[in-house]
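Letter by letter, the chains look like this.
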Amino acid sequence: MSENKKNLILSVKDLEVKFKVRNKILTAIRRISMDFEEGKVVAIVGESGSGKSVFTKTFTGMLEINGMISNGEIWFEGRDLAKIKSDKEWEQIRGKKIATVFQDPMTSLNPVKTIGDQISEVIIKHQGKSKSEAKTMAIEMMGKVGIKNAEKRYDEYPFMYSGGMRQRIVIAIALACRPRILICDEPTTALDVTIQAQIIRLIKDLSQEYGFTTIYITHDLGVVANVADVVAVMYAGQIVEYGNVEEVFYDSRHPYTWGLLSSLPQLGEKGENLFAIRGTPPSLFEEIKGDAFAPRSNYAMKIDYEQEPPFFKVSDTHYAKTWLLDPRAPKVEPPAAVAHLHERMLALTSKGGIYGER
Amino acid sequence: MKKYILVRILKSIISIFAVVSIIIIMIYTLIPSDKVFDNDAGAKKMKGDQLTTYKMKKLEELGYLDYVSGTELCTTAFGEDGKDACLAAGSTQMEEAAAPYAAKGYDIMTLKSGEKYAVHRFKWYELLLRFYKKLFVVDSVNAVKTDDPDFERKYYWGKNPYNGTPALKCSGCTYKYQMYFDGSFPFIHQNKFRLDFGTSFPTSQGVPTMQVITDGQGANKKIDQTFDTGLTESSALIQTSCQYKPKVDHLDQKRFTDNYAACLSFHESPSMVNTSYILGLIALVIAYGMGLPFGIAMAANKDKAVDKLGIAYINLLIAVPSLAFIFFMRSIGTLFGLPDKFPQLGFNDIRSYIMPVLILALLQTPSLMMWLRRYMIDQSNADYVKFARAKGLSQREIFRKHILRNAIIPIVNGIPASIILCISGALITESAFAVPGMGKMLPDAIKMTNNNMVITLVFIFTSLSIFSVLIGDLLMTVVDPRISLAEKGGE
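Residues numbered from 1 in each chain as written. Chains lettered and ligands numbered in written order. Predicted model: local features only at pLDDT ≥ 70, side-chain atom pairs only at ≥ 80, totals over all residues.

### Side note on the overall build of chain B
Now for step 1: What chain B contains, in helices and strands, is 17 helices and 15 strands.
Now for step 2: The C-alpha radius of gyration of chain B comes to 29 Å, more than 25% above the 23 Å expected for a compact globule of 491 residues.
Now for step 3: For the C-alpha atoms alone, the extent of chain B along its principal axes is close to 100 × 60 × 55 Å.
Now for step 4: When the 491 residues of chain B are sorted by exposure, 29% land in the buried category. (Helix = DSSP H or I, 4+ residues; strand = E, 2+ residues; numbered from the N terminus. Rg over C-alpha atoms; globule rule 2.2 N^0.38 Å. Buried ≥ 20, exposed ≤ 12 C-beta atoms within 10 Å, placed from the backbone.)

### Focus on the overall build of chain A
Now for step 1: The helix and strand inventory of chain A stands at 13 helices and 12 strands.
Now for step 2: The globule rule puts the C-alpha radius of gyration for 358 residues at 21 Å, and the 21 Å found for chain A is close to it.
Now for step 3: Dimensions of chain A, computed from the C-alpha atoms along their principal axes, are close to 65 × 50 × 40 Å.
Now for step 4: Burial status across chain A gives 45% buried among its 358 residues.

### Some words on the interface of chain A and chain B
By convention, interface size is frequently given as the accessible area that disappears when the constituent parts associate.
Now for step 1: Taken together, the contacts link 24 residues of chain A with 18 residues of chain B.
Now for step 2: If one sorts the elements of the side of chain A that touches chain B by residue count, helix H4 (residues 115-127) of chain A sits on top with 3 residues.
Now for step 3: Taken together, the residues of the side of chain A that touches chain B sort by class into 10 nonpolar, 7 polar and 7 charged. (Contact = placed C-beta atoms within 7 Å. Nonpolar A, V, L, I, M, F, W, Y, C, P; charged D, E, K, R; others polar.)

### Considerations on the domain arrangement of chain A
Residues and elements named next belong to chain A.
Now for step 1: Domain boundaries assigned for chain A yield domain 1 (1-97 + 181-358) and domain 2 (110-178).
Now for step 2: Using only C-alpha atoms to locate each centre, domain 1 and domain 2 end up separated by 31 Å.
Now for step 3: Taken together, the 13 residues of domain 1 in the interface contact 14 residues of domain 2.
Now for step 4: Across the side of domain 1 that touches domain 2, the residue classes break down as 10 nonpolar, 2 polar and 1 charged. (Domains from an automatic or database assignment.)

### Remarks on the domain arrangement of chain B
Now for step 1: For chain B, the assigned domains read domain 1 (20-129), domain 2 (140-191 + 222-265) and domain 3 (272-439).
Now for step 2: Summarising the inter-unit geometry, the C-alpha centres of domain 1 of chain B and domain 2 of chain B are found 38 Å apart.

### Remarks on the nonpolar core
Now for step 1: Of all hydrophobic cores here, the largest spans 133 residues; its most connected members are Val42(A), Ile44(A), Ile119(A), Ala172(A), Tyr216(A), Ala232(A) and Val233(A).
Now for step 2: The element that contributes the greatest number of residues to this core is helix H12 (residues 351-380) of chain B, accounting for 12 residues.
Now for step 3: Contact partners of Val233(A), with chain neighbours within four places excluded, come to Val45(A), Gly46(A), Ile239(A), Val240(A), Glu241(A), Val248(A), His254(A), Tyr256(A), Thr257(A) and Leu260(A).
Now for step 4: Listed in part, the 24 residues of the second largest apolar core include Phe131(B), Val212(B), Leu442(B) and Ile460(B). (Core = buried A, V, L, I, M, F, W, Y, C linked by C-beta atoms within 7 Å.)

### Comments concerning the sheet that holds strand S5 (residues 79-80) of chain A
All names here are of chain A.
Now for step 1: Read across the sheet, 4 strands follow the order S2-S1-S4-S5 without closing on themselves; strand pairing throughout is antiparallel. Since the sheet does not close on itself, it has two edges, and those belong to strand S2 (24-37) and S5, each with one partner.
Now for step 2: Note: strand S1 (residues 8-21) against strand S4 (residues 67-76), 8 bridges, orientation antiparallel. Paired with Glu-16 across the two strands is Asn-71, which belongs to S4. (Pairing = 2+ DSSP bridges.)

### Description of the sheet that holds strand S3 (residues 116-121) of chain B
All names here are of chain B.
Now for step 1: The strand order across the open sheet formed by 3 strands is S1-S3-S2, and the pairing between neighbours is antiparallel. Pairing within the sheet leaves two strands with one partner each, and these edge strands are strand S1 (65-68) and strand S2 (107-110). Looking at each pair of strands side by side, their axes are set apart by 25° on average, direction ignored.
Now for step 2: With 4 bridges joining them, S2 and S3 adopt antiparallel strand pairing. For Asp-107, the partnering residue across the bridge sits in S3 and is Val-119.
Now for step 3: Packed onto the sheet, helix H5 (residues 93-103) meets S1, S2 and S3 and runs at close to 10° relative to S3. (Axes fitted to C-alpha atoms, helices over the stretch in contact; angles between N-to-C directions.)

### Re the confidence of the model for chain B
Residue and element names in this part refer to chain B.
Now for step 1: Averaged over chain B, the pLDDT score is 88; the fraction of residues at 70 or greater is 99%.
Now for step 2: Per-element confidence in chain B is highest for helix H10 (residues 305-319), whose mean pLDDT is 95, and lowest for helix H4 (residues 70-87), whose mean pLDDT is 82.
Now for step 3: Predicted as a complex, the structure gets a pTM of 0.80 and an ipTM equal to 0.86. (pLDDT = per-residue confidence, 0-100.)

### Regarding the environment of Arg22(A)
All names here are of chain A.
Now for step 1: Tracing the backbone through its elements, the reader meets Arg-22 in the loop between S1 and S2.
Now for step 2: The exposure class of Arg-22 is exposed, given the 7 C-beta atoms found within 10 Å.
Now for step 3: Residues Arg-22 and Asn-66, spaced 44 residues apart in sequence, show a C-alpha to C-alpha distance of 10.0 Å.

### Structural notes on the environment of Leu284(A)
Residues and elements named next belong to chain A.
Now for step 1: Position of Leu-284 relative to the elements: it lies in the loop between helix H11 (255-262) and strand S11 (312-313).
Now for step 2: The class of Leu-284 is buried, set by 22 C-beta atoms lying within 10 Å.
Now for step 3: When the C-alpha atoms of Leu-284 and Ala-236 are compared, they prove to be 7.3 Å apart, with 48 residues separating the residues in sequence.
Now for step 4: Discounting residues that sit within four places of it in the chain, Leu-284 has contacts with Leu-26, Thr-27, Ala-28, Ala-236 and Gly-237.

### Focus on the pairing of strand S7 (residues 177-181) of chain B
A regular strand carries its side chains on alternate faces of the sheet.
Residues and elements named next belong to chain B.
Now for step 1: Bridging between strand S6 (residues 166-171) and S7 involves 2 bridges; their strand directions are antiparallel. Across the sheet, Lys-169 pairs through a bridge with Tyr-177, a residue of S7.
Now for step 2: In textbook terms, the turn of a hairpin is the stretch between consecutive antiparallel strands, and for S6 and S7 this stretch comprises 5 residues, one of which, Gly-172, has a positive phi near 110°.

### Considerations on the packing of helix H1 (residues 2-30) of chain B against helix H17 (residues 451-479) of chain B
Between two packed helices, the angle of one axis relative to the other and the distance separating the axes together describe the packing.
Residues and elements named next belong to chain B.
Now for step 1: Running from N to C, H1 and H17 point in directions that differ by 155°, and their axes come no closer than 10 Å. The angle between H1 and H17 falls in the class roughly antiparallel. Crossing of H1 against H17: the hand is right-handed. Listed contacts from H17 to Arg-8, Ser-12, Ser-15, Ile-16, Val-19, Val-20, Ile-23, Ile-24 and Ile-27 of H1 are Asn-451, Val-454, Ile-455, Val-458, Phe-459, Thr-462, Ser-463, Ile-466, Phe-467 and Leu-470. (Parallel < 35°, antiparallel > 145°, perpendicular 65-115°, else oblique. Left-handed = near helix turned anticlockwise from the far one by under 90°.)

Right, here's the structure in full:
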């Protein structure tokens, strides 16, 4: 999509992922092409089941056993990750080059192994260090993610840590081998709001220090507005809008993005019903004709039901996949809730707001 | 933690006594006392008054009742001199002698000969009281009753005659060797505290029940040994087991300088407990040695050939009744020239053990495999496994370092019980091979109305089960850091 080809770290072309579910084929990712620039923070947003997690799982070969990449290429460091079959090859990438942080820190750590063991394990595995070297590095890493008394807490077990602390450990493990990409799969969903802000801050700081690319998967648009450089909106296994964070938030073009932004609970007015996108996402078992969002859209046109829209360029960095951007389409105004988003969002993310620094 | 263990032990002991008490009450009050004589050869030869008197004496011995014979009645009432007149047939003095007992609540019964006797059947609480009163025996220097004024009563240090290690000896106690050391489990042996469950009846009459279970079997085994007197001869006597004997004969005097000459003997074959234990332990090691790796392999290759083969094996072994399996295996064994009865080749031939051990082991494998597989598959869906994969660990490393560590926890909990309860033997397997082990002790004892034996076995099995659960729980704290045993909350 991006014309600007410099410093691409990961490049996805025409990716299609299928799952075999009860003898039926489900297409979870429907031909996505997307480039990731080095050092940027990319947020992938969308409702549950839109394929956000599946999309990023293909980067580390972590698809479930019944899933497979049926088409497309994923270029990383000069090799096509979509072609990798053996676990042995994946082990060179997973955890070493591309690391993942999962949603629930309470269950991400092995309950019967010490924190220290779980961190040094990766260092020993990927960097071939001795046990004592790995321990030194692990303790240093624990300090980096904000664990006090790291030396003492090295031999403690996960149950002795709070949720926020555990997520810090998970991040320490993920970053222990200095990966080039960090995938954060809803890293703060299971945490309470104050801890959320701390964890997001931590990831942001570390990404500046170590210079890794961050891919956030989230449906929390507040988080997105706070940390992301680039936002990709996903719907029904496709990216429907893509652009810099300001562009997607304040100049969004796709009706689905409008819907998402309108339903932000933080933006709701007291006393009014919270906005909800009507209907449900389409079944991915069947082939989708036209624009997948059309049946739920208030702006659907006849062509939306017949032909899949291409990506229309809004700016050099901003693209949206909707027929509304076609010159022949009638002029429509985004809903009122989205219109004054800028000021309201600013209030939320500035100091003192819900997502602001504390 | 310490407090918790203490409380747990206390609770365990209470449970053991509760169980044993219930068993005692059931045995003594619910089973007709006459059934005791159903299998007694002695009673079968008697009839009439002789039989009645015999039964009363035995029942008193067994703790059912307090029996006062006619002779005793008369002696208490009229003294040694007057008892003959009282005992004479048709004497009215008999009534007179019995009267005080009737007043005490004794039943006064009359034999066919006209002689009277008094009987008091114990109530359930009296039964319990009497049982526990005689259960705990602490040996002391005053244990031996003798009129000899020169009899020395003291503890002193001597040597274990078999290995020369120090041994605490006693003169005046029931047992000469109070404490000694040797190479057999539990290495430190003592005779200071004992549990007295009474004697076995009607089988092994007069032998203490504990001795029936723990004494060696088969012919006596003679070994060369030196006695106190300096006499060295080949003898089967176990010197460390000697008890006080009021009257010693010239043979005893040749060996011992004191009256401690009532000794147990070495035997060719191990005791019932040991027999079961040897078989059980070897089988257990084989079962875990086979079951665990197989279970792990099944979980690691879920839905693949190994897994399917394992499931077929598990299903087969669970579906086939164990009795059928045992006899089937036994006949396979005979094809390879292995004996179908344990005593054919006896204890000293390894071939006697192969089939019983193999069968015992195989019977344990299905549940072991099934549970380990299930725990591992459960664990492999956990989030930490997903994260471990994302860390770049290989499937093998994840299985070994992460999943197994978690899945083994519930298995570890059951290991002490498996080890300890080997003692109780395996009823069906041991019966099929006629192994002289513990397996059939309890059913046999019940069948023969061997009350004391039943109580002894219940006590042993209950204690072992309860304490093996406790040990299992303690072991859990070692393998699972999350578990800390405390009365309330953690530390």
